[in-house]
Amino acid sequence: MKVVIIDDEKAMHLIMRRILAKVDEIEIVGSFQDTSTAFSYLVNHEVDLVFLDIKLPRENGIEFAKRLRGSHRRVKLVFVTSYKEYASAAFEVNAYDYIVKPVEQGRLHQTVLRVLFEAGT
């Protein structure tokens, strides 16, 4: 499964990569700190799952998700954020899951395993 990480914090990229590296079926194909570069990548490449923060420079994660949904890209979005109050807005843009930081390995694995199970991998 091809995965992209979008978070403005470099440390979060390292944490996510370390946790996701323990899942053989995961291939991290992109890691971005801003939505404009991420969007360009996502509209030109096949990606199965995006881990997305809410608070990002210039465009928040909810706005980005709306724009991505408008491009008709079929990708699962999992919000990984410090903000509990955006959960309802996230599910309005068809979020697959909503994980509140700090990310726990078990919780992230549970989400990834559900995605893999649905994909039949």
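Preceding block: the structure.
Quick summary incoming for the structure in this document. (Residues numbered from 1 in each chain as written. Predicted model: local features only at pLDDT ≥ 70, side-chain atom pairs only at ≥ 80, totals over all residues. Heavy atoms only, no water.)

**With respect to helix α1 (residues 10–20)**
Along an α-helix, residues three or four apart share an orientation, since each turn contains 3.6 residues. Put simply, the test is: Per-residue accessibility, obtained with a 1.4 Å probe over protein chains only, is compared with the maximum for each type, and a residue is labelled buried under 20%, exposed over 50%, and partly exposed between these values. Helix and strand assignments come from DSSP, with helices taken as H or I runs of at least 4 residues and strands as E runs of at least 2, each series counted from the N terminus. It is the directions from the helix axis to the C-beta atoms whose arc is reported. Whether two residues touch is decided by their heavy atoms; if any such pair falls within 4.5 Å, the residues are in contact.
Within α1, burial applies to M12, H13, M16, I19 and L20. One side of α1 holds all its buried residues, which, seen down the axis, span an arc of 135 degrees. Among the exposed residues of α1, those pointing more than 90 degrees away from its buried face are K10, L14 and R18. On its buried side, α1 packs onto β1 (2–6), β2 (27–32), β3 (49–52), β4 (76–81) and α5 (105–119).

**Notes on the sheet that holds strand β5 (residues 97–100)**
For the record, the criterion: One bridge is not enough; two strands pair if DSSP finds at least two bridges between them. Axes here refer to lines fitted to C-alpha atoms; in helices the fit is confined to the stretch in contact. Angles between the N-to-C directions go from 0 to 180 degrees.
The strand order across the open sheet formed by 5 strands is β2-β1-β3-β4-β5, and the pairing between neighbours is parallel. Only two strands of the sheet have a single partner each, and these edge strands are β2 and β5. Recorded for the sheet is a direction-independent mean angle of 20 degrees between the axes of neighbouring strands. Direction of pairing for β4 relative to β5: parallel, over a ladder of 4 bridges. Bridging from a neighbouring strand, F79 pairs with Y98 of β5. This element, helix α3 (residues 61–70), spans β1, β3 and β4 of the sheet and lies at about 175 degrees to β4.

**Overview of the packing of helix α2 (residues 35–44) against α3**
How we decide: An angle below 35 degrees is read as roughly parallel, one above 145 as roughly antiparallel, one from 65 to 115 as roughly perpendicular, and any other as oblique. Crossing handedness is defined as follows: a turn of the near helix away from the far one that is anticlockwise and smaller than a right angle gives a left-handed crossing, while the clockwise case is right-handed. Polar here means any residue other than Ala, Val, Leu, Ile, Met, Phe, Trp, Tyr, Cys and Pro, which are nonpolar, and Asp, Glu, Lys and Arg, which are charged; Gly is therefore polar.
Running from N to C, α2 and α3 point in directions that differ by 20 degrees, and their axes come no closer than 11 Å. In terms of orientation, α2 and α3 fall into the roughly parallel class. α2 and α3 meet at a crossing whose hand is right-handed. Where α2 approaches α3, its residues T35, S36, A38, F39 and L42 are matched on the opposing element by F64, R67 and L68. Of the residues assigned to the contact of α2 with α3, the class counts are 5 nonpolar, 2 polar and 1 charged.

**Comments concerning empty space enclosed by the protein**
Applicable threshold: Each cavity reported here is a set of points on a 1 Å grid over the protein atoms alone in which a 1.4 Å probe fits but cannot get out, each pocket an open set with protein on both sides within 12 Å along at least five of seven lines, and each lining residue one with an atom within 4 Å of a point. Grid points are joined across faces, edges and corners, and a volume is the space filled by probe spheres set on the points.
Enumeration according to the criterion identifies 1 cavity of 30 Å³ or more in this entry. The computed volume of the largest cavity comes to approximately 40 Å³. In terms of lining residues, the largest cavity is bounded by I5, I6, D7, M12, M16, F51, L52, D53 and V80. Of all elements in the fold, only β1, α1 and β3 reach the threshold of two or more residues within the lining of the largest cavity. Classifying every residue of the lining of the largest cavity by side-chain character gives 7 nonpolar, no polar and 2 charged.

**What about the nonpolar core?**
Applied cut-off: Definition of nonpolar core: a set of buried residues of the types Ala, Val, Leu, Ile, Met, Phe, Trp, Tyr and Cys, connected through side-chain atoms within 4.5 Å.
Counting residues in hydrophobic clusters, the biggest one holds 23 residues, and the most contacted among them are V4, I6, L42, V50, L52, F64 and F79. Breaking this core down by element, the ones donating at least two residues are β1, α2, β3, α3 and β4. The next biggest cluster of nonpolar side chains, apart from the first, holds 20 residues, and it includes M12, I19, Y96 and V115.

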